[in-house]
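Below are the chains, spelled out letter by letter.
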Amino acid sequence: MLYLAENMKYLRAGKKMSQKSLADALGITRARYSKYEYRLAEPPVDILIRLARYYAISIDDLITQDLCLKSRSHEPDL
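Parameters at a glance
- Residues numbered from 1 in each chain as written.
- Predicted model: local features only at pLDDT ≥ 70, side-chain atom pairs only at ≥ 80, totals over all residues.
- Heavy atoms only, no water.
- Core = buried A, V, L, I, M, F, W, Y, C linked by side-chain atoms within 4.5 Å.
- Buried < 20%, exposed > 50% of the residue type's maximum accessible area, 1.4 Å probe, protein only.
- Helix = DSSP H or I, 4+ residues; strand = E, 2+ residues; numbered from the N terminus.
- Contact = heavy atoms within 4.5 Å.
- Arc of directions from axis to C-beta.

A. Main features of the nonpolar core. Met-8, Leu-22, Leu-26, Ile-28, Tyr-33, Leu-51 and Leu-62 are the most contacted members of the largest nonpolar core, which totals 17 residues. At the level of elements, α1 (4-14), α2 (19-26), α3 (30-37), α4 (45-55) and α5 (59-64) are the ones that each hand at least two residues to this core. Examining the composition of this core, we find that 4 residues originate from one element, α4, more than from any other. If sequence neighbours within four positions are ignored, Leu-22 has contacts with Arg-12, Met-17, Tyr-33, Tyr-54 and Tyr-55.

Written out as structure tokens, the structure reads:
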């Protein structure tokens, strides 16, 4: 899961959410969510589905794309 942890942090920060509030939205504990962001555990498929639905993106993008880099490449040059 190449970019999953970084994408989880990036997407959560973009919504200005705490780990606790996102964990609540996903129906899991903050400690469990934290393990995914810090690469201490990999989320099961059902959590990947919930994350993808929550952010309205594909699981493929969530796992294999550097969303932070992708978003910077779409910013206009100043």
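Additional details are given in the paragraphs that follow.
B. Layout of α4. Considered for burial, the residues of α4 that qualify are Ile-47, Leu-48, Leu-51, Ala-52 and Tyr-55. Buried residues of α4, viewed axially, fall in a sector of 135°; they line one side. Exposed side chains of α4 directed beyond 90 degrees from the buried face belong to Val-45 and Arg-53. At its buried positions, α4 is contacted by α1, α2, α3 and α5. Following α4 by one or two positions, Ala-56 has its phi on the positive side, about 55°.

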